[in-house]
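Survey of secondary and tertiary structure
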Amino acid sequence: MLQRRGEMTGSGSDGGLGGLGGLGDGAPSKQLLGTFMGVFLPCICTIFGVVVYLRLGFLVGQAGVLGALLLLGAAFPIAFLPILSLSALVSNGQVHGGGLYGSLRKSIGPDLAAVIGIMFVAAYTVGIANYAIGFAHALVNEAGISSKSAVNVFPWNAPGSWVETLVASLATFAAAIICSWGVIVGPRALLFVFALIVISLGLSMVSCLVSTTDPTSGHTAFSINTLRNNTAWDLTPFGPYATNTPWLMFEMIFPGFTGVIAGANLSGDLRTPRESIVKGTLLALLFALATYLFVVFVLGSTVERPTLKTNMLIIDTVVSGATGLPIVFVGICATTLSSVLSYMMGAPRVLQAIAKDNIFPILAPFGKGWGASQEPVRAIALTWAVSQLFILIGDLNLLLPVITGSFLTVFCTVNITCFILELSPATFRPHFQLYSRWSALLGFILSLGAMFLTTISAVVAALLGLCLALATWRSRSKLATVLRGQGKVLGVVGVSSVSGGASLATEPFLSNATRGDGYPDALSRGGGSGGR
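Residues numbered from 1 in each chain as written. Predicted model: local features only at pLDDT ≥ 70, side-chain atom pairs only at ≥ 80, totals over all residues. Heavy atoms only, no water.

**Structural notes on the overall build of the chain**
Our working definition: Segments assigned H or I by DSSP are reported as helices when at least four residues long, segments assigned E as strands when at least two residues long, and all are numbered from the N terminus. Accessibility here uses a 1.4 Å probe with only protein chains present; expressed as a share of the type maximum, an area under 20% marks a residue as buried, one over 50% as exposed, and anything in between as partly exposed.
Across its full length, the chain holds 21 helices and two strands. Counting every position in the chain, which comprises 532 residues, the buried fraction comes to 59%.

**A short note on the packing of helix 6 (residues 110-143) against helix 7 (residues 162-180)**
Rules: Helix axes are fitted only over the stretch in contact, all axes being lines through C-alpha atoms; the angle between N-to-C directions runs from 0 to 180 degrees. Just so you know how the angles are binned, under 35 degrees is roughly parallel, over 145 roughly antiparallel, 65 to 115 roughly perpendicular, and the rest oblique. In this scheme, a crossing is called left-handed if the near helix is turned counterclockwise away from the far one by less than a right angle; it is called right-handed if the turn is clockwise. Throughout, a contact is declared for two residues whenever any of their heavy atoms are within 4.5 Å. By the convention adopted, Pro, Cys, Tyr, Trp, Phe, Met, Ile, Leu, Val and Ala count as nonpolar, Lys, Arg, Asp and Glu as charged, and the other residues, Gly among them, as polar.
Two elements in contact, helix 6 and helix 7, have axes whose closest approach is 8 Å; the angle formed by their N-to-C orientations is 120°. In terms of their interaxial angle, helix 6 and helix 7 are classed as oblique. As helix 6 runs across helix 7, the sense of the crossing is right-handed. Residues Ile-128, Ala-132, Ile-133, Phe-135, Ala-136, His-137, Leu-139, Val-140 and Asn-141 of helix 6 form the contact with helix 7, whose own contacting residues are Val-163, Glu-164, Val-167, Ala-168, Ala-171 and Thr-172. Each residue belonging to the contact of helix 6 with helix 7 can be placed in one class, and the counts come to 11 nonpolar, three polar and one charged.

**Overview of the environment of Ile-314**
Looking at the secondary structure, you find Ile-314 in helix 13 (residues 314-323). Through-space distance from the C-alpha of Ile-314 to that of Leu-54 is 8.4 Å; in sequence the pair is 260 residues apart.

**Let's talk about a nonpolar patch on the surface**
Rules: Like-charged residues are merged into a patch within 9 Å and nonpolar side chains (Val, Leu, Ile, Met, Phe, Trp, Tyr) within 5 Å, provided each residue has over 30% relative accessible area and no salt bridge. The accessible surface values rely on the Shrake-Rupley method and a 1.4 Å probe; as for residues, cover is taken only from the protein chains in view. A side-chain nitrogen of Lys or Arg and a carboxyl oxygen of Asp or Glu constitute a salt bridge if their distance falls within 4 Å.
A surface patch of nonpolar side chains, amounting to about 460 Å² of accessible area, comprises Leu-209, Phe-222, Ile-224, Phe-294 and Phe-297. Note that Phe-297 resides in helix 11 (residues 273-302).

**Remarks on helix 6**
Because the α-helix completes a turn every 3.6 residues, residues three or four places apart line up on one side. Test applied: The span you would expect from a helix comes to 1.5 Å times its residue count less one.
The terminal C-alpha atoms of helix 6, which comprises 34 residues, lie 48 Å apart, in line with the 50 Å expected from a rise of 1.5 Å per residue. Of all the 34 residues making up helix 6, 26 are buried; the element is thus mostly covered by neighbouring parts of the structure. Following helix 6 by one or two positions, Gly-144 adopts a phi angle in the positive range, close to 70°.

**Here we look at the nonpolar core**
Heads up, the rule is: Only buried residues count toward a nonpolar core, which is a set of Ala, Val, Leu, Ile, Met, Phe, Trp, Tyr and Cys residues joined through side-chain atoms within 4.5 Å.
Ranked by size, the top nonpolar core spans 145 residues in total, and within it Phe-257 and Ile-261 carry the most contacts. No other element matches helix 4 (residues 56-90), which puts 20 residues into this core. What Phe-257 contacts, discounting residues up to four positions off in sequence, is Leu-72, Ala-75, Phe-76, Ala-79, Leu-285, Leu-289 and Tyr-292.

**Some remarks on the packing of aromatic side chains**
Basically, it comes down to this: Two rings from Phe, Tyr or Trp (for Trp, the six-membered ring) form a pair when their centres are within 6.5 Å of each other. A pair whose planes differ by under 30 degrees is stacked, one over 60 is edge-to-face, and the rest are tilted.
Taken as a whole and assessed by the stated rule, the structure comprises 21 aromatic pairs. With centroids separated by 6.0 Å and ring planes inclined at 45°, the aromatic side chains of Tyr-124 and Phe-407 adopt a geometry described as tilted. One end of the pair, Tyr-124, is in helix 6; the other, Phe-407, is in helix 16 (residues 396-422), and 283 residues separate them in sequence. Residue classification places Tyr-124 among the buried positions, given a relative accessible area of 0%. Exposure remark for Phe-407: the relative accessible area of 1% places this residue in the buried category. Through a chain of ring-to-ring contacts, three or more aromatic side chains come together here, namely Phe-120, Tyr-124, Tyr-131, Phe-250, Phe-254, Tyr-343, Phe-407 and Phe-411.

**Some details on the packing of helix 2 (residues 35-47) against helix 11**
Viewed as axis vectors pointing N to C, helix 2 and helix 11 meet at an angle of 35°, and their least axial separation amounts to 8 Å. The chirality of how helix 2 crosses helix 11 is right-handed. Facing Thr-35, Val-39, Phe-40, Cys-43, Ile-44 and Ile-47 of helix 2, the residues of helix 11 in contact are Ser-276, Ile-277, Lys-279, Gly-280, Thr-281, Leu-283, Ala-284, Leu-285, Phe-287, Ala-288 and Tyr-292. Here the residues of the contact of helix 2 with helix 11 sort into 12 nonpolar, four polar and one charged.

**Topic: the side chain of Ser-447**
If you trace the backbone, Ser-447 turns up in helix 17 (residues 437-453). When residues no more than four places from it in sequence are discounted, the contact partners of Ser-447 are Ile-78, Leu-408, Phe-411, Cys-412 and Asn-415.

**Let's talk about unusual backbone geometry**
Leaving glycine out, the prevailing phi sign among residues is negative, and the prevailing peptide bond configuration is trans. A positive phi is found at Ala-221, a non-glycine position, where the angle reads about 60°. Along the chain, the position of Ala-221 falls in the loop between helix 8 (185-209) and helix 9 (224-229). Although it is not a glycine, Asn-358 sits at a positive phi angle of roughly 60°. Mapped onto the secondary structure, Asn-358 falls in the loop between helix 14 (327-357) and helix 15 (377-391). Judged by its relative accessible area of 42%, Asn-358 is partly exposed.

**Here's the deal with the confidence of the model for the chain**
Heads up, the rule is: Looking at any residue, its pLDDT shows the predictor's confidence there, from 0 to 100.
For the chain, per-residue confidence averages 74 on the pLDDT scale, and 71% of positions sit at 70 or higher. Low pLDDT (under 50) marks residues 1-29, which in the prediction has 83 contacts with non-local residues, meaning those over four places away or in another chain. When the criterion is pLDDT under 50, residues 486-532 qualifies, and its contacts beyond four places in sequence or with other chains add up to 100 contacts.

**Examining the environment of Gly-73**
Looking at where Gly-73 falls in the secondary structure, it is placed in helix 4. The class for Gly-73 is partly exposed, based on a relative accessible area of 41%. Taking C-alpha positions, Gly-73 is 8.9 Å from Leu-289, a pair spaced 216 residues apart along the chain.

**Quick word on the side chain of Ser-169**
Keep this limit in mind: We call two N or O atoms a polar contact when they sit within 3.5 Å, provided that within protein one can donate a hydrogen and the other can accept it, with sequence-adjacent residues counted only if both atoms are side-chain atoms.
In this fold, Ser-169 is placed in helix 7. The buried category is assigned to Ser-169, whose relative accessible area is 18%. There is a polar contact of 2.6 Å between the side chain of Ser-169 and the side chain of Gln-388. If sequence neighbours within four positions are ignored, Ser-169 has contacts with Trp-384, Gln-388 and Ile-391.

**Some remarks on the state of the cysteines**
For clarity, the threshold we go by: Our working definition of a disulfide is a cysteine sulfur pair at a distance within 2.5 Å.
Per the stated rule, a full pass over the model turns up zero disulfides. In this model Cys-45 remains outside any disulfide bridge; the closest cysteine sulfur is found in Cys-43, 9.7 Å from its own. Looking at Cys-45, the relative accessible area reads 0%, which means it is buried.

**Examining the environment of Leu-86**
Within the fold, Leu-86 resides in helix 4. Here the alpha-carbon distance between Leu-86 and Val-414, two residues 328 residues apart in the chain, equals 6.8 Å.

**Considering helix 16**
Helix length check: helix 16, at 27 residues, gives a terminal C-alpha distance of 39 Å against a target of 39 Å (1.5 Å per residue), a fit within 8%. Extensive coverage of helix 16 is indicated by the burial of 24 of its 27 residues.

Set out below in structure tokens:
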């Protein structure tokens, strides 16, 4: 059995991780979360962001039902395989705070773990901006709010877009305030949001399937002819893009799968993190895929293709015409705000854990928490401030490829990390067994291949991130020792040039017990049962 005390509070000298789970021995432990509240809800509410309401119909219009199923089928393994690698990483011994960063820290050391953690924070921050803009777009359209002036924030923004920018900024500020109140308040808000999503989406699909009295709306109710006409591909240019390709459509819908790693960010706030992260994440991904497939089928069989291509809010149009109620608007607000809230809970906790390890001294002030549960208020403030820079982009079609590239980078890194650790089974013994080194390698290849098929800017950013991570690992961590086949890590390996050749210099690698980071040495080696 795992020691619940270790999961709740950790050690007072945990190098920055136990602080997320409590204040150490003798400190009052905070209320902990279960699988549903702590993992499934953050994951599913983050997955159900902009895509489910604002992009699935457009996807069907451009790619057809078969093309949409193909793209969703391609996105699923790219998101699923990193979950297997993630589950292996978080089940390698006891799980403390800092989410995936905490798991990577004890497996590969804080240096590379911090680099990967920064990738996570950056991707989450872009996600916050994306979903906030989606919410602002829906609110401005539903309320009929428009700017009387043609002022735009930046040249690439549409005239008058400063209204949406302001709404998005205020929405992220409200999310930051909610998350500052504590980790229990956030999931409770997500529970309310999830209920709204389920009710709204269910009523929307029923409204699409029933008959209509408006033949000009493009809504035919369920029709075999409509389904037949919406089956094949029919790609046309849209928005800022002069040409359209299957890869661009992939970029538009892949952010609908990126929320699968959101649950791992609250590992220090879970009662049984090792079990909860695995179960909650897998269930959320499967639930999301089933929902996407159902929505694609319903829209493909009830709405004509020209309408799907031109009306991003077609579900809202159909439902409002059938019921006269803003059901879809409520759903859009729920999905986008839940994603903002979930990322706003996750990113600051990862950032706080990295800052406590002092890998990047400039981040040290953000390692301090507030209150008895050490809430990352400073990290929340920084996350909000950085998200405002991305909000100024002001266009969902421009932000979605950035999110895709950012998370593909993270998925690549998670998979290759798990694969390399598998080469040293003596130091990597996860309790999660539904994975292998080959699933991790396949996940890396698929994620890397997807990056090369997306926009050039995303590929460049991804490759730079991977090069930085590998360079850090080569100079400061265990990689060389693992590849030399020594099995048990004995040192931190560095490379130096001697007389035109390379020599390996090894310095003692301090055990976890020596570091005093709160992780028993037996657990750092896999430790058999994984606990005491």
